[in-house]
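Architecture and fold: a report
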Amino acid sequence: MEALGVSEFWRGRRVLLTGHTGFKGAWLALWLSQMGARVTGFALPPPSDPSLHALASASVFEHDIIGDLRDPAAVDAAYARAAPEVVLHLAAQALVRPSFADPVATYATNVMGTVHVLDAARRQGGVAAVVVVTSDKAYENREWHWAYREDEAMGGHDPYSSSKGCAELVTAAFRRSYFAADPDGAAVASARAGNVIGGGDWALDRVVPDCIRAFADGRKVALRSPGATRPWQHVLEPLAGYLALAERLATGVDRARFAAGWNFGPAEADAIAVGELVTTLARFWGDDAGWELDARPQPHEAHYLKVDASKARAELGWRPALGVTEALDWTVDWYRRQARGEDARELCLDQIARYRARMADADQGLIERA
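Residues numbered from 1 in each chain as written. Predicted model: local features only at pLDDT ≥ 70, side-chain atom pairs only at ≥ 80, totals over all residues. Heavy atoms only, no water.

Under the annotation held in an unreviewed UniProt entry, the protein carries the name CDP-glucose 4,6-dehydratase and is attributed to Plastoroseomonas arctica.

**Looking at the overall build of the protein**
Regarding its fold elements, the protein presents 13 helices and 12 strands. Counting only C-alpha atoms and orienting by the principal axes, one finds that the protein spans roughly 60 × 40 × 40 Å. Looking at the protein as a whole, 57% of its 370 residues qualify as buried. Pairs at least 24 residues apart make up 80% of the contacts formed inside the protein by residues separated by at least 6 positions. (Helix = DSSP H or I, 4+ residues; strand = E, 2+ residues; numbered from the N terminus. Buried < 20%, exposed > 50% of the residue type's maximum accessible area, 1.4 Å probe, protein only. Contact = heavy atoms within 4.5 Å.)

**Here we look at the pattern of salt bridges**
Under the defined criterion, the tally for this structure stands at 25 salt bridges. We note a salt bridge from arginine 257 to aspartate 254, for which the minimum N-O separation is 3.7 Å. According to the relative accessible area criterion, aspartate 254 is partly exposed, its value standing at 38%. Salt-bridge contacts for aspartate 333 lead to arginine 337; the nearest nitrogen and oxygen are separated by 3.2 Å. Of this pair, aspartate 333 and arginine 337 both sit in helix 12 (residues 324-339), 4 residues apart, roughly one helical turn. Residues participating in the shared-partner salt-bridge network are Asp76, Asp119, Arg122 and Arg123. (Salt bridge = Lys/Arg side-chain N within 4 Å of Asp/Glu carboxyl O.)

**Digging into the packing of aromatic side chains**
As enumerated under the stated definition, the model contains 11 aromatic pairs in all. The interplanar angle of 50° and the centroid separation of 6.1 Å between the aromatic rings of phenylalanine 215 and tryptophan 285 together place this pair among those described as tilted. You can see phenylalanine 215 sitting in helix 7 (residues 207-216) and its partner tryptophan 285 sitting in helix 10 (residues 274-285), a full 70 residues away along the chain. Accessibility assignment for this pair places phenylalanine 215 and tryptophan 285 in one class, buried. Grouping aromatic residues by their ring pairs yields a cluster made of Trp202, Trp334 and Tyr335. For arginine 283, the ring lying beneath its charged end belongs to phenylalanine 284, and the centroid distance is 5.0 Å. It is arginine 336 that lies over the ring of tryptophan 285; its NZ or CZ is 3.8 Å from the centre. (Phe/Tyr/Trp six-rings, centres within 6.5 Å; stacked < 30°, edge-to-face > 60°. Lys NZ or Arg CZ within 6 Å of the ring centre and 35° of its normal.)

**Comments concerning unusual backbone geometry**
For the peptide bond that leads from aspartate 49 to proline 50, omega is 10°, which places it in the cis range. Considering the arrangement of structural elements, one finds proline 50 in the loop between strand 2 (38-43) and helix 2 (52-57). Its identity is not glycine, yet aspartate 205 carries a phi of approximately 65°, on the positive side. Following the sequence through the fold, aspartate 205 ends up in the loop between strand 7 (195-197) and helix 7. The exposure class of aspartate 205 is partly exposed, given its relative accessible area of 27%.

**Here's the deal with the sheet that holds strand 11 (residues 271-273)**
Reading across the sheet, the 3 strands line up as 7-9-11 and stay open at both edges, with mixed pairing between neighbours. Only two strands of the sheet have a single neighbouring strand rather than two, namely strand 7 and strand 11. The sheet shows a mean angle of 50° between the axes of neighbouring strands, direction not considered. The sheet contact formed by strand 9 (residues 229-234) and strand 11 spans 3 bridges and is antiparallel. Paired with threonine 229 across the strands is alanine 273, a residue of strand 11. Here helix 10 sits on the sheet in contact with strand 9 and strand 11, set at roughly 85° to strand 11. Where helix 12 meets the sheet, its contacts fall on strand 7, strand 9 and strand 11, and the angle it forms with strand 9 comes to roughly 60°. (Pairing = 2+ DSSP bridges. Axes fitted to C-alpha atoms, helices over the stretch in contact; angles between N-to-C directions.)

Next comes the structure, spelled out in C-alpha cells:
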C-alpha cells in the first residue's frame, strides 16, 4: 500500500496541482484531500458545464487559483502561495481535434506552460518532487503492434501529440540541466498514461462522455474511428501511479533512479478497439444504446497505440487493479447514480475507497488480473 501513494506521506503535505478543474484533476484533488494533503489548485475555469470540480472537489483546496499556464507571472504567484513540496502538473490542452483548430494555443499551453511550471520549480525553494503528466500520444507512433516503452522516440503527427512529445523533451532537458546536479533539490519525472475513463467527465469530443450524452438522449453515438485501438483505463489507475511516483521522488533512498519517464498503461488485453469499448459501454447502459459510423471526413488520428508499463510494475510496485470491462461498469454506475440525484463527491469517494481496497487485495495476491 505504501508503495502505491496511499501512505502517511501525504498527510499535511503541501501540493500544487495544476489542472485541478479538469476531469483527472478533480479526481486527484479528492484523493489527495482524503489522505490529508494541503492542496493548492491552479488552472483555467472548468472546461465543461457541468464539471466534476464544481460538483465534487471545489471545497477541498486550501487555495483554488484560476490562472493561465501561459502567464509565467501567474505560475510564479501560484508557487508563492502554495509553497509546494510536491508539484503534480496535469494542466493541458488535452484534446486532439481542438489542437487542429488552435495549434498556437495548444503549443503555448502544453509546451511553454510546462516550461513555466518547471522554471518556477527551479527557482522556488522547498520543492522535493515534480511529476509532469503528458500522454501516451507523446510517442512517435509508427502504428506498431507492440507497446511503446519509455525509451522510444517522442514525436506526434498532430499538434496535440507533438506538443506532448515536446513537453517530454522540455521535462528531460530541465531535469538534466537544472535538477540532476542538486541531490537535495526537486526530483523531476514525467508520466505517460493511456486513455482514461470514469464518471464525471463531460468534455466534448471524447468517446465516453459523447456516449453518455447520446445514450441519455436516446440516440446512437457516432464514432469516427471504431477500429482504432487505445489503452483504456479507469481514471484512478494512472492517478495511483502519479501518487506512487511522486512519493518515491520525494522520499526514496535513490530518488534519482525515479527521475525519468514512466508509462502507466493497462494490461495488454485491455487495449481494445473503440467500437468494442462502446459496444460494452452500451450493454451496461441498456435502453437499446448503440453506435453508428460517422462517415464525415475526419482529421488524422492514430489507429493503433499501446504503452508498456512493465517498468512501473517492476520498480514502483504499481499495477492495474481494474480491467476495462469493470472500469466501464464503474463508469456507467457513476453516471446513472449521479443522474438519479446522488452526490457526485460521495460517488467519487466511494469509488476511491473501493479502488484502494482493490489495490490492497492486489498487493496481497487476493485477486488476479490478466
